[in-house]
Amino acid sequence: MTSAALEILGLGLGILGWVGVILACGLPMWQVSAFIDVNIVVAQTIWEGLWMNCVVQSTGQMQCKVYDSILALKPEVQAGRALTVIVALLGLVALMVTVVGAQCTNCIRPGKMKSRIVIAGGAIYILCGILVLVPLCWFANIVISDFYDPSVPPSQKREMGAALYIGWAATALLLFGGCLICCCSCSQRDETSFPVKYSAPRRPTSNGEYDKKNYV
């Protein structure tokens, strides 16, 4: 019962991480303007994401524009798009696989195959966490390198946006949830690997002695 509860907990964490990846993928706040000038009065703030960039005026008005050309995008943006979309699709596959093999469902008869399916779902969640970590760290490295590069003009310096932090939190949930699912399934598999066998009691014969075949 405890392993089933932990398995449901891992599945819930995996779903939260999957939703977080989708949210981070759609948000345009992967890079934001860095306020490092002496004059702190800034008329507008620039947001840059995987799919669009937005300009937020000091009056509160916001204008967003979708990128016109895919081939003209920077390599990190193209990689971020591809990996986040792949993770979104793999997360759906991991959800379906884990639900099919979960202890709380009856889609498959309990046994080794059921445990293997759950382990596969947890492994897919772990793979999702690793894949989404690549564009997040890539963007963070570029932002930090440009920020401390004296050759980059102050107007072009950026800071890490909220989407990166949401993506890192989603990565942690995916990794932890996937590991939890795999560990619970492995422990359940060990418990079912050695079934208890019961033998019929020995019965005496008509003359009061035990039959010799009971000792063979």
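As a reminder, the structure under discussion sits directly above these lines.
The structure contained in this document is the topic of the report that follows. The shown structure was predicted, so the numbers you read here are calculated from the model rather than taken from an experiment.

**Focus on the state of the cysteines**
No. 1: Throughout the structure, instances matching the rule amount to 1 disulfide.
No. 2: Across the disulfide from Cys54 sits Cys64; the S-S distance is 2.0 Å. Around the S-S axis, the bridge from Cys54 to Cys64 shows a dihedral of about 110 degrees and counts as right-handed. Of this pair, Cys54 sits in strand β3 (residues 52-57) while Cys64 sits in strand β4 (residues 62-66), and the two are 10 residues apart along the sequence.
No. 3: Take Cys64: its relative accessible area is 42%, and that puts it in the partly exposed class.

**What to know about the sheet that holds strand β1 (residues 31-33)**
No. 1: Read across the open sheet, the 5 strands follow the order β4-β3-β2-β1-β5; overall the sheet is antiparallel. Unpaired on one side and paired on the other, β4 and β5 (158-160) mark the two borders of the sheet. Averaged over all neighbouring strand pairs, the angle between strand axes comes to 25 degrees, with direction disregarded.
No. 2: Pairing analysis gives 5 bridges linking β3 to β4, with the strands arranged antiparallel. When the bridges of β4 are listed, Val55 appears paired with Gln63.
No. 3: On the sheet, helix α3 (residues 112-147) packs against β1 and β5 and is oriented at approximately 140 degrees with respect to β5.

**What to know about the pattern of salt bridges**
No. 1: Scanning the model with the defined rule gives 2 salt bridges in all.
No. 2: A salt bridge links Arg158 to Glu48; its shortest N-O distance comes to 3.3 Å. Placement of the pair is Arg158 in strand β5 and Glu48 in strand β2 (residues 44-48), with a sequence separation of 110 residues.
No. 3: Its relative accessible area of 12% is what places Arg158 among the buried residues.

**Thoughts on the pairing of β4**
No. 1: Among the 5 residues in β4, 0 count as buried, and that is only a small part of the element.
No. 2: In this antiparallel pair of consecutive strands, β3 and β4, the connection spans 4 residues, and Gly60 shows a positive phi of 100 degrees.

**Let's talk about the pairing of β3**
No. 1: With 5 bridges connecting them, β2 and β3 associate as antiparallel partners. Bridging across to β3, Gln44 finds its partner in Gln57.
No. 2: Connecting β2 to the next strand, β3, in antiparallel fashion are 3 residues.

**A few points about the environment of Gly20**
No. 1: Here Gly20 shows up in helix α1 (residues 2-26).
No. 2: For the pair Gly20 and Ala169, spaced 149 residues apart in sequence, the C-alpha to C-alpha distance is 7.7 Å.

**Concerning the nonpolar core**
No. 1: Core analysis: the biggest nonpolar cluster contains 14 residues, and Val21 and Tyr125 have the highest contact counts within it.
No. 2: Top contributing element to this core by residue count: α3, with 5 residues.
No. 3: Dropping the residues within four chain positions of it, Val21 is found in contact with Thr84, Val87, Val132, Ala170 and Leu174.

**Focus: the packing of α1 against helix α2 (residues 75-101)**
No. 1: Following both chains from N to C, one finds α1 and α2 inclined at 160 degrees, their axes separated by 10 Å at the closest point. With respect to each other, α1 and α2 are oriented roughly antiparallel. Two packed elements cross with a definite hand, and for α1 against α2 that hand is left-handed. For the pair α1 and α2, the contacting residues are Leu11, Ile15, Trp18, Val21, Ile22 and Cys25 in the first and Thr84, Val87, Ala88, Gly91, Leu92, Leu95, Thr98 and Val99 in the second.

**Brief notes about a nonpolar patch on the surface**
No. 1: Taken together, the side chains of Trp51, Val85 and Leu89 present a nonpolar region at the surface, about 260 Å² in accessible area.
No. 2: The residue Leu89 is located in helix α2 in this model.

Criteria and thresholds
- Position numbers for residues count from 1 along each chain, tracking the sequence in the order it is written.
- For a predicted model such as this one, the threshold for reporting local features is a pLDDT of at least 70, and the threshold for listing and counting side-chain atom pairs is 80 or more; totals across whole chains, interfaces and linings nevertheless cover every residue.
- Remark: hydrogens and water are excluded; side-chain values derive from all non-hydrogen atoms of the structure.
- Put simply, a disulfide is two cysteine sulfurs that come within 2.5 Å.
- For helices the rule is a DSSP run of H or I covering at least 4 residues; for strands it is a run of E covering at least 2, with both sets numbered from the N terminus onward.
- Exposure categories follow from relative accessible area, calculated using a 1.4 Å probe and restricted to protein chains: below 20% of the type maximum is buried, above 50% is exposed, and the middle band is partly exposed.
- Two strands are said to pair when DSSP picks up at least two bridges between them.
- The angle between two axes is taken between their N-to-C directions and runs from 0 to 180 degrees, where each axis is a line fitted to C-alpha atoms and a helix contributes only its stretch in contact.
- Throughout, a contact is declared for two residues whenever any of their heavy atoms are within 4.5 Å.
- Throughout this description, the term salt bridge denotes a Lys or Arg side-chain nitrogen within 4 Å of a carboxyl oxygen of Asp or Glu.
- As used here, the term nonpolar core means buried Ala, Val, Leu, Ile, Met, Phe, Trp, Tyr and Cys residues forming a set that is joined through side-chain atoms within 4.5 Å.
- An angle below 35 degrees is treated as roughly parallel, one above 145 as roughly antiparallel, one from 65 to 115 as roughly perpendicular, and anything else as oblique.
- In this scheme the handedness of a crossing depends on how the near helix is turned from the far one: anticlockwise by less than a right angle means left-handed, clockwise means right-handed.
- Candidates for patches are residues over 30% relative accessible area with no salt bridge; among them, like charges are joined within 9 Å and nonpolar side chains (Val, Leu, Ile, Met, Phe, Trp, Tyr) within 5 Å.
- Method for areas: the Shrake-Rupley scheme with a 1.4 Å probe, in which residue coverage is limited to the protein chains shown.

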